[in-house]
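Single-letter residue listing:
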Amino acid sequence: AQSVAQPEDQVNVAEGNPLTVKCTYSVSGNPYLFWYVQYPNRGLQFLLKYITGDNLVKGSYGFEAEFNKSQTSFHLKKPSALVSDSALYFCAVRVGNTGGFKTIFGAGTRLFVKA
Amino acid sequence: EAGVAQSPRYKIIEKRQSVAFWCNPISGHATLYWYQQILGQGPKLLIQFQNNGVVDDSQLPKDRFSAERLKGVDSTLKIQPAKLEDSAVYLCASSPAGGGAGGYTFGSGTRLTVV
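Scope of this entry: the structure provided in the associated data block.

Criteria and thresholds
- Residues numbered from 1 in each chain as written.
- Chains lettered and ligands numbered in written order.
- Predicted model: local features only at pLDDT ≥ 70, side-chain atom pairs only at ≥ 80, totals over all residues.
- Heavy atoms only, no water.
- Helix = DSSP H or I, 4+ residues; strand = E, 2+ residues; numbered from the N terminus.
- Rg over C-alpha atoms; globule rule 2.2 N^0.38 Å.
- Buried < 20%, exposed > 50% of the residue type's maximum accessible area, 1.4 Å probe, protein only.
- Areas by Shrake-Rupley, 256 points an atom, 1.4 Å probe, with all protein chains shown as cover.
- Lys, Arg positive; Asp, Glu negative; His and termini not counted.
- Charge placed at Lys NZ, Arg CZ, Asp CG, Glu CD.
- Phe/Tyr/Trp six-rings, centres within 6.5 Å; stacked < 30°, edge-to-face > 60°.
- Contact = heavy atoms within 4.5 Å.
- Buried area = accessible area lost by both parts, 1.4 Å probe.
- Salt bridge = Lys/Arg side-chain N within 4 Å of Asp/Glu carboxyl O.
- Polar contact = N/O pair within 3.5 Å; in protein donor to acceptor, adjacent residues only side chain to side chain.
- 1 Å grid on protein atoms, 1.4 Å probe; cavity = no way out; pocket = protein on both sides within 12 Å on 5 of 7 lines; lining within 4 Å.
- Points joined across faces, edges and corners; volume = space filled by probe spheres on them.
- Pairing = 2+ DSSP bridges.
- Axes fitted to C-alpha atoms, helices over the stretch in contact; angles between N-to-C directions.

**With respect to the overall build of chain B**
- When you go through chain B residue by residue, the secondary structure sums to 0 helices and 11 strands.
- Traced from its N-terminal end to its C-terminal end, chain B shows the element sequence β-β-β-β-β-β-β-β-β-β-β.
- The C-alpha atoms of chain B give 13 Å as radius of gyration, which agrees with the globular expectation for 115 residues (13 Å, within 12%).
- Judged by the C-alpha coordinates and their principal axes, chain B covers about 40 × 25 × 25 Å.
- When each of the 115 residues of chain B is scored for burial, the buried share is 46%.
- When the accessible surface of chain B is totalled, it reaches about 5,400 Å², and 50% of it is carbon and sulfur.
- Both charge centroids of chain B, one from 12 positive and one from 9 negative side chains, sit 5 Å from each other.

Have a look at this one:
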């Protein structure tokens, strides 16, 4: 079955330190991968995507993600965390074919950045 | 550009009552999605429209949930009768035609509480 997993319910990091939020996927074919962020009482906001090309993709707010095909992972990273980065982060993968595509989401990882 | 609009923001109803949610996607976006996000979980796709046609409704509980997008623009999602387990945030998203390869734009969601 095609799926996406976020193994950590919560990640805690001190402000100024690097952060990593993990994601692994299981899909057939070449994956389209995404990261979204959700702030309290808000909808999901697109951060970045990987479709093809360079394995390191850069997105909004200084975030980047590294695609690793052999490990089927797409971890979200940021070199220096901010308190304002505290939010819920979702990894997602597009599945389907030319007959129809849909995006499935992981369960989410809550990031706490402590001042 | 204007974002995805949803209303109402909050709704509290008693079980067995009915409720309807409205979504107006970004102008020109052919594809519209309704997701259900239960507390502590990732969003789950309920139904996907391409213009005014249904692409995927495999996870829509059709005995109680219905959705329409009659003119290929805005959409309504209805629950009748509601159950306690329907308490969730209902998110609407849209994307240009192309299967969402560029990611989705989400609305702020409707938080439904069934008591």
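**Some remarks on the packing of aromatic side chains**
- Going through the model one piece at a time under the given rule, you end up with 18 aromatic pairs over all chains.
- Ring centres of Y36 of chain A and F106 of chain B lie 5.7 Å apart, and the angle between their planes is 85°; on these two criteria the pair is classed as edge-to-face. Taken as a pair, Y36 of chain A in strand β5 (residues 32–38) and F106 of chain B in strand β10 (residues 105–106) lie in two separate chains rather than in one. Here Y36 of chain A matches F106 of chain B in class, with each residue buried.
- Plain terms: the ring middles of Y35 of chain B and Y104 of chain B are 6.4 Å apart, the flat faces sit at 50° to each other, and that makes the pair tilted. Separated by 69 residues along the polypeptide, Y35 of chain B in strand β4 (residues 31–37) and Y104 of chain B in the loop between β9 (88–95) and β10 bring together distant segments of the chain.

**A short note on the interface of chain B and chain A**
- At the junction of the two partners, chain B supplies 26 residues and chain A supplies 21 residues.
- Summed over both partners, the interface of chain B with chain A comes to about 1,600 Å²; 48% of that surface belongs to carbon and sulfur atoms.
- Among the residues chain B hides against chain A, the three largest losses belong to A101, Y104 and F106 of chain B. Together they make up 27% of the total.
- Taken together, chain B and chain A are joined by 1 salt bridge.
- Close ionic contact of D56 of chain B with K102 of chain A constitutes a salt bridge, the shortest N to O distance being 3.4 Å.
- Summed over the shared surface of chain B and chain A, the number is 6 residue pairs in polar contact (both at pLDDT 80 or more).
- The set of elements that each furnish at least two residues to the side of chain B that touches chain A consists of β4, β5 (44–50) and β6 (53–56) of chain B.

**A word on the layout of surface pockets**
- Space inside the largest pocket adds up to approximately 490 Å³.
- Q38 and L88 of chain A together with Q37, L39 and R111 of chain B are the residues nearest the centre of the largest pocket, which is lined by 28 residues in total.
- Broken down by secondary-structure element, the contributors of at least two residues to the lining of the largest pocket are β10 (87–97) and β12 (109–114) of chain A together with β9 and β11 (110–114) of chain B.
- For the lining of the largest pocket, the leading source of residues is β11 of chain B, giving 4 residues.
- Here the second largest pocket defines a volume of roughly 220 Å³.
- R42, G43, L44 and Q45 of chain A together with F106 of chain B are, among the 13 residues lining the second largest pocket, the residues nearest its centre.
- Secondary structure elements with two or more residues in the lining of the second largest pocket: β6 (44–50) of chain A together with β10 of chain B.
- The element best represented in the lining of the second largest pocket is β6 of chain A, accounting for 3 residues.

**Quick look at unusual backbone geometry**
- Omega for the bond connecting S7 of chain B with P8 of chain B falls within 30 degrees of zero, at -10°, which places this linkage in the cis form.
- Residue P81 of chain B is bonded to the preceding Q80 of chain B through a cis peptide linkage, with omega at -5°.
- Here Y61 of chain A, not a glycine, exhibits a phi torsion of approximately 60°, which is positive.
- Relative to the helices and strands, Y61 of chain A resides in the loop between β7 (56–58) and β8 (64–68).

**Regarding the sheet that holds strand β3 (residues 19–24) of chain B**
Residues and elements named next belong to chain B.
- If you walk across this open sheet you meet the 4 strands as β1-β3-β8-β7, and the pairing is antiparallel. The sheet terminates laterally at β1 (5–7) and β7 (65–68), the two strands that pair on one side only. Averaged over all pairs of adjacent strands, the angle between strand axes in this sheet comes to 15°, irrespective of strand direction.
- In this structure, β7 lies alongside strand β8 (residues 75–79), joined through 4 bridges in antiparallel fashion. Across the sheet, the residue bridging to E68 is T76, located in β8.

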